[in-house]
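So you can see what is in the structure, the chains are spelled out below.
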Amino acid sequence: MSKQRQLIFAVFILIFSYNEGITQSYFYKLSLSKTMSNDKNSHSISASMEDEFDGQGLDYLNLSLQYDFQHKIISNFLVLKSGMRFGFVKDKLSTDFTEMRPYVGAANSVVINDHFTWKNVVRFEYRMLNQDMVYDFENNFTRFRFSTGMLYKFMDSQTHNIPWTLKLNFESFFVENKQTFERYSNLHEWSLTWNKNASEAFSYYICFIYDRNFSFNQESKGTSYEIEIGLDF
């Protein structure tokens, strides 16, 4: 393993070892997505299931369906983004709710060299949460998200193909301090994603995620650890 890759892994291990939270939760997530793209536009539909490693069955279950659209303004340097998420959360310790989440944003990529690319994303979301399947306008709120990360591309020296990539990313979530029934509301998130390109039309990935979260109704901070496995075709 090269010194560059050793450094990325070392930084991520230090992040995971840092924990000030009074509660800890562990999750796994399975995702499936389909992406269609051309020189300018990209359309993606994804479905996911998230559950908690607590040994109590499906006490916490998060199901989602999401559509994403991207339009390149200046190649990959500036990309406009928009989309919609539909979600359902079953939570025995809090409350069940459904969600609609439209968003708009922009992404920026800066190529440093053949192997490293710096990526930034800004995003505004409008979250419409329906508690116990009953619509209540007071539960709606706007959230701003900013993420930045470094992508490492392994390039085959003979074919110049990119068989796999590794991305270390950090994201912050900004929202008004208002009451909500949601048990896991993100504050900051670190992630490390390994992506393997099995063919031109198929890839799979595994992502390790560390969250700092805050439950407004309980006024308590905590940490979450998650493993996500996904397929993209």
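Definitions and limits used
- Residues numbered from 1 in each chain as written.
- Predicted model: local features only at pLDDT ≥ 70, side-chain atom pairs only at ≥ 80, totals over all residues.
- Heavy atoms only, no water.
- Helix = DSSP H or I, 4+ residues; strand = E, 2+ residues; numbered from the N terminus.
- Buried < 20%, exposed > 50% of the residue type's maximum accessible area, 1.4 Å probe, protein only.
- Contact = heavy atoms within 4.5 Å.
- Areas by Shrake-Rupley, 256 points an atom, 1.4 Å probe, with all protein chains shown as cover.
- Phe/Tyr/Trp six-rings, centres within 6.5 Å; stacked < 30°, edge-to-face > 60°.
- Salt bridge = Lys/Arg side-chain N within 4 Å of Asp/Glu carboxyl O.
- Core = buried A, V, L, I, M, F, W, Y, C linked by side-chain atoms within 4.5 Å.
- 1 Å grid on protein atoms, 1.4 Å probe; cavity = no way out; pocket = protein on both sides within 12 Å on 5 of 7 lines; lining within 4 Å.
- Points joined across faces, edges and corners; volume = space filled by probe spheres on them.
- Nonpolar A, V, L, I, M, F, W, Y, C, P; charged D, E, K, R; others polar.

### A closer look at the overall build of the chain
Consideration 1: The helix and strand tally for the chain stands at one helix and eleven strands.
Consideration 2: The secondary structure elements of the chain, listed N-terminal to C-terminal, are α-β-β-β-β-β-β-β-β-β-β-β.
Consideration 3: The buried share of the chain, reckoned over its 233 residues, is 42%.
Consideration 4: Across the chain, contacts joining residues at least 24 apart in sequence account for 52% of those joining residues at least 6 apart.
Consideration 5: Only carbon and sulfur atoms are counted for the fraction: they give 61% of the accessible area of the chain, which is about 13,200 Å².

### Some remarks on the packing of aromatic side chains
Consideration 1: In this structure the tally under the stated criterion is 14 aromatic pairs.
Consideration 2: Each residue in the set Phe-116, Tyr-152, Phe-154 and Trp-164 is aromatic and connected to the rest through ring pairs, giving one cluster.

### A short note on the pattern of salt bridges
Once their charged atoms are close, side chains differing in charge can pair, the charge on each being opposite to the other.
Consideration 1: Counting across every chain of the model gives nine salt bridges.
Consideration 2: Between Arg-85 and Glu-99 there is a salt bridge whose closest N-O contact spans 3.0 Å. Here Glu-99 lies in strand β5 (residues 97–111) and Arg-85 lies in strand β4 (residues 78–91), a separation of 14 residues in the sequence. Each member of the pair Arg-85 and Glu-99 is classed as buried.
Consideration 3: The residue Arg-101 makes a salt bridge to Glu-99 at a minimum N-O spacing of 2.6 Å.
Consideration 4: We classify Arg-101 as buried; its relative accessible area is 9%.

### A short note on the environment of Val-104
Consideration 1: With respect to the helices, strands and loops of the structure, Val-104 is situated in strand β5.
Consideration 2: Each C-alpha atom of the pair Val-104 and Met-84 lies 9.1 Å from the other, and the pair is 20 residues apart in sequence.
Consideration 3: Excluding residues within four positions of it along the chain, Val-104 makes contact with Lys-81, Ser-82, Val-122, Arg-123 and Phe-124.

### Here we look at the environment of Ser-75
Consideration 1: Assignment of secondary structure puts Ser-75 in the loop between β3 (60–74) and β4.
Consideration 2: Sequence-wise, Ser-75 and Lys-40 are 35 residues apart; in three dimensions their C-alpha atoms are separated by 7.8 Å.

### What about the nonpolar core?
In summary, soluble globular proteins display a tendency toward joint burial of nonpolar side chains.
Consideration 1: Core analysis: the largest hydrophobic core is formed by eight residues, namely Phe-27, Tyr-60, Val-89, Phe-97, Leu-129, Phe-141, Phe-181 and Tyr-184.
Consideration 2: One finds Phe-116, Tyr-152, Trp-164 and Leu-192 within the second-largest nonpolar core, a separate group that totals six residues.

### Observations regarding empty space enclosed by the protein
Consideration 1: Enumeration according to the criterion identifies two cavities of 30 Å³ or more in this entry.
Consideration 2: Estimates place the volume of the second largest cavity at around 30 Å³.
Consideration 3: Forming the boundary of the second largest cavity are Tyr-60, Val-89, Asp-91, Ser-94, Thr-95, Phe-97, Phe-181, Glu-182, Arg-183 and Tyr-184.
Consideration 4: Of the residues contributing to the lining of the second largest cavity, the split by class is five nonpolar, two polar and three charged.

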